[in-house]
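Residues per chain are reported as follows:
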Amino acid sequence: VQLQASGGGLVQPGGSLRLSCKSTGINFKIHTMNWYRQAPGKQRELVASISSGAATDYADSVKGRFTISRDNARNTLYLQMNSLKPEDTGVYFCNTKYKLRPYWGQGTQVTVSS
């Protein structure tokens, strides 16, 4: 199982970024997929989830600003991030479980700063 995240970068407050996570080695369409983030000096936190049926859930801190989606034909997970704030800064990881074991992408850095 491999998860390859991309799309991070430096953006000004109020800006937007779109993260992608390409999955290989699993039957992508049947798995719940997640985005986590880890800010410097803080624990990793769940940002958004999307089920195999495309039901979504978000952390309160990102509701109304972030949108998680999936393209099962491309085995790819997305996170559209709008109205970014400095507190959104961190390393973003995609995640899933396969045979009861968690798998993580390598992380992509998002920095929100003027």
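This one's a predicted model, so the numbers in the text were calculated from it and none came from an experiment.

Draft legend 1. Summary view of the overall build of the protein. Helix and strand counts for the protein stand at 0 helices and 11 strands. Secondary structure elements in the protein, listed N-terminal to C-terminal, are β-β-β-β-β-β-β-β-β-β-β. Its C-alpha atoms give the protein a radius of gyration of 13 Å, near enough to 13 Å, the size a compact globule of 114 residues would have. In the protein, which comprises 114 residues, the proportion classed as buried is 44%. Taking as baseline every contact in the protein between residues at least 6 positions apart, the subset at least 24 positions apart corresponds to 52%. Here the protein has roughly 6200 Å² of accessible surface; of this, 47% comes from carbon and sulfur atoms. Averaging the locations of the 14 positively and 6 negatively charged side chains of the protein gives two centres separated by 10 Å.

Draft legend 2. Representation of the pairing of strand 11 (residues 108–112) within the structure. The alternating pattern of strand 11 places Thr108, Val110 and Val112 on a buried face, while none of Gln109 and Thr111, on the opposite face, is buried. As defined by bridge partners, strand 2 (residues 9–11) adjoins strand 11 across 3 bridges and the pair is classed as parallel. Residue pairing in the sheet places leucine 10 in a bridge with threonine 111 of strand 11. Two elements, strand 9 (residues 90–98) and strand 11, share 3 bridges in a ladder whose sense is antiparallel. Within strand 11, the position partnered with tyrosine 92 by the bridge is threonine 108.

Draft legend 3. The arrangement of the nonpolar core in detail. Among the nonpolar cores identified, the biggest contains 26 residues, and Trp35, Leu77, Leu79, Met81 and Tyr92 are the most heavily contacted of them. Elements with a contribution of two residues or more to this core: strand 1 (2–6), strand 3 (17–24), strand 4 (33–38), strand 5 (45–50), strand 7 (66–71), strand 8 (76–81), strand 9 and strand 11. Beyond its immediate chain neighbours, meaning those up to four positions away, leucine 77 contacts Leu19, Ser20, Cys21, Phe28, Met33, Asn34, Trp35, Ile50, Ile68, Ser69, Arg70 and Cys94.

The rules behind each value
- Residues numbered from 1 in each chain as written.
- Predicted model: local features only at pLDDT ≥ 70, side-chain atom pairs only at ≥ 80, totals over all residues.
- Heavy atoms only, no water.
- Helix = DSSP H or I, 4+ residues; strand = E, 2+ residues; numbered from the N terminus.
- Rg over C-alpha atoms; globule rule 2.2 N^0.38 Å.
- Buried < 20%, exposed > 50% of the residue type's maximum accessible area, 1.4 Å probe, protein only.
- Contact = heavy atoms within 4.5 Å.
- Areas by Shrake-Rupley, 256 points an atom, 1.4 Å probe, with all protein chains shown as cover.
- Lys, Arg positive; Asp, Glu negative; His and termini not counted.
- Charge placed at Lys NZ, Arg CZ, Asp CG, Glu CD.
- Pairing = 2+ DSSP bridges.
- Core = buried A, V, L, I, M, F, W, Y, C linked by side-chain atoms within 4.5 Å.

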